[in-house]
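Chain by chain, the residues run as shown.
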Amino acid sequence: MSEFKVNAITNRDGSHGPEVCGVTTFRSSGMTLPSGPTEFRGGRGRMVTYGGYDPSYNNDMNTIDIATTGSAVDFGDASDANNFGSGMASSTRGVFKQGRDGSSPYTTTMEFVTFSSLGGVSDFGDDNGVLQDSSASSADNTRGIFGNGTGYDAKIQFITLASTGDTTEFGTLSSGRYMGGGAGGASPTRGFFFGGLISGQPAGEKIIETVTFASGGEATKFGELTVGRRAIAAVTNNTRAVMCSGDTPATNTMDFITMASEGNATDFGDITRQPAGYGAGGSTSTRGLIAGCSPSPNANPLDFITFSTLGNATDFGDTTYNSYTCGACSDSHGGLAQ
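Summarised in this report is the structure supplied together with it. (Residues numbered from 1 in each chain as written. Predicted model: local features only at pLDDT ≥ 70, side-chain atom pairs only at ≥ 80, totals over all residues. Heavy atoms only, no water.)

## Some remarks on the overall build of the protein chain
When helices and strands are tallied, the protein chain shows zero helices and 26 strands. Look at the contacts in the protein chain between residues 6 or more apart in sequence, and 53% of them connect residues 24 or more apart. For the protein chain, the exposed surface amounts to about 13700 Å²; the carbon and sulfur share of it is 47%. (Helix = DSSP H or I, 4+ residues; strand = E, 2+ residues; numbered from the N terminus. Contact = heavy atoms within 4.5 Å. Areas by Shrake-Rupley, 256 points an atom, 1.4 Å probe, with all protein chains shown as cover.)

Put into structure tokens, the structure is as follows:
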């Protein structure tokens, strides 16, 4: 590493020196200045929630520091009141596909946030797939994918997270299933789809399917959940995916897989809230955070789990609004090189 040595840095009038912002490393021999654009410098570990319902659609957004415990804080507003959204993210940007916007059954709207900002959204593009809500979503640091929903089709669509634009066809799942939102997870190379409800069936499926982000194509079977269900809140680090709660049947079950090897899920523990689905998750390499995973009304809880240990979830705090059926994403989930 090259060294940069100075005796003093001052303003023109000599009164004081400028501030050096970003991540700096001090050593006995000097200081290492940060590199890269500002949005890449430190500050990771954020989760953002988007919209939700209870007792009506809303346009609220919150941000949460996953490493701490405590209540969420306001992050601005979505363009429309919405619920049943889906979130996917790179390390700097989160993209949300709206589900329902309150004025129509479904919407094609996609919006993005910059995690390092103080909040607010910008237009990303439109979903060219079947109009639907409750799509299961996941991402690596380049592509975001989502599939299925209330349309009960098997399509998977993708976007390039660093750009803006409409969706492109990625591939298909083995069957058309209503995922119920949130039921997707990722390793750095693969996206996962957990459970779902086939039209006309009385209970959710156990199937776990996976796709490769770089290639696209048809999903392949990975294994099975311990309890068949839809509306799962999935959280992942590089190694494990934990599938939290769910609906049809309503359950507080959490189970997990090791994403590098195929196989069935294993019991992890239970969420703190009474059985219900439609939550959404965000993650760091050590901790998964679940929002809104509780029956309406007054669904604003936050639960967390520690990936390395098995056991029940722990109360984290609350969102600032009733976030049942919200979308969510984080800047340090399992699909990224943490």
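## Things to note about the packing of aromatic side chains
A full pass over the atoms with the stated rule returns 11 aromatic pairs. Consider the rings of Y278 and Y324, whose centres lie 6.0 Å apart with planes at 70°: the pair is edge-to-face. Pair noted here: Y278 is in the loop between β21 (266-270) and β22 (280-283) and Y324 is in the loop between β25 (314-318) and β26 (327-330), with a separation of 46 residues, a long-range link. For Y324, a relative accessible area of 16% gives the class buried. With a centroid separation of 6.0 Å and an interplanar angle of 80°, the aromatic rings of F304 and F316 are classed as edge-to-face. On the criterion of sequence distance, the pair formed by F304 in strand β24 (residues 301-306) and F316 in strand β25 is long-range, its members being 12 residues apart. Exposure class is identical for F304 and F316. Each is buried. (Phe/Tyr/Trp six-rings, centres within 6.5 Å; stacked < 30°, edge-to-face > 60°. Buried < 20%, exposed > 50% of the residue type's maximum accessible area, 1.4 Å probe, protein only.)

## Topic: the sheet that holds strand β5 (residues 73-82)
Pairing is antiparallel across the open sheet formed by four strands, whose spatial order is β5-β4-β3-β26. One side of each edge strand has no neighbouring strand; the edge strands of this open sheet are β5 and β26. Each neighbouring strand pair of the sheet contributes to a mean axis angle of 15°, computed without reference to strand direction. Pairing analysis gives seven bridges linking strand β3 (residues 46-53) to strand β4 (residues 57-65), with the strands arranged antiparallel. In the sheet register, T49 faces β4, and the bridge partner there is N62. (Pairing = 2+ DSSP bridges. Axes fitted to C-alpha atoms, helices over the stretch in contact; angles between N-to-C directions.)

## Points about the sheet that holds strand β19 (residues 240-246)
In spatial order, the strands read β18-β19-β20-β21; together these four strands make up an open sheet with antiparallel pairing. Whereas interior strands pair on both sides, the edge strands pair on one side only; in this sheet they are β18 (233-236) and β21. Ignoring which end each strand starts from, the neighbouring axes of this sheet average 25° apart. When strand β20 (residues 251-258) meets β21, the two strands line up antiparallel, connected through four bridges. Across the sheet, T253 pairs through a bridge with D270, a residue of β21.

## Quick notes on the nonpolar core
Judged by nonpolar contacts, the single largest core of 25 residues is most densely connected at I145, F193, F194, I208, M243 and I257. At three residues, strand β15 (residues 190-194) tops the list of elements feeding residues into this core. Apart from residues no more than four positions distant in its own chain, I257 is found in contact with F192, F194, I208, F222, T239, R240, A241, M243, G263, N264 and A265. (Core = buried A, V, L, I, M, F, W, Y, C linked by side-chain atoms within 4.5 Å.)

## Observations concerning the side chain of S330
Within the element layout of this structure, S330 appears in strand β26. Judged by its relative accessible area of 2%, S330 is buried. A distance of 2.9 Å separates the side chain of S330 from the backbone nitrogen of S283, its partner in a polar contact. With residues near it in sequence (within four places) discarded, S330 still touches R46, M47, I66, A89, S90, F115, G282 and S283. (Polar contact = N/O pair within 3.5 Å; in protein donor to acceptor, adjacent residues only side chain to side chain.)

## Description of the side chain of D153
Within the secondary structure, D153 is located in the loop between β11 (143-147) and β12 (155-160). Buried and without a salt bridge, D153 has K155 as its closest oppositely charged side chain, separated by 6.0 Å. Of the polar contacts made by the side chain of D153, one reaches the backbone nitrogen of K155; its length is 2.8 Å. (Lys, Arg positive; Asp, Glu negative; His and termini not counted. Salt bridge = Lys/Arg side-chain N within 4 Å of Asp/Glu carboxyl O.)

## Some points on the environment of S103
Residue position: S103 is located in the loop between β7 (93-97) and β8 (109-114). Here S103 falls in the exposed class, since its relative accessible area comes to 66%. Sequence spacing of S103 and A81 is 22 residues, and the spatial spacing of their C-alpha atoms is 8.9 Å.

## Thoughts on the pairing of β15
In terms of burial, β15 is largely enclosed, as five of its five residues are buried. Both faces of β15 are covered, namely the face carrying R190, F192 and F194 and the face carrying G191 and F193. Here three bridges tie strand β14 (residues 184-186) to β15, and the two strands are oriented antiparallel to one another. Bridged to A186 within β15 is G191. What sits between the antiparallel neighbours β14 and β15 is a turn of three residues. Where β15 and strand β16 (residues 207-212) come together, five bridges link them in antiparallel fashion. Residue F192 lies in a different strand from β16, and its bridge partner there is T210.

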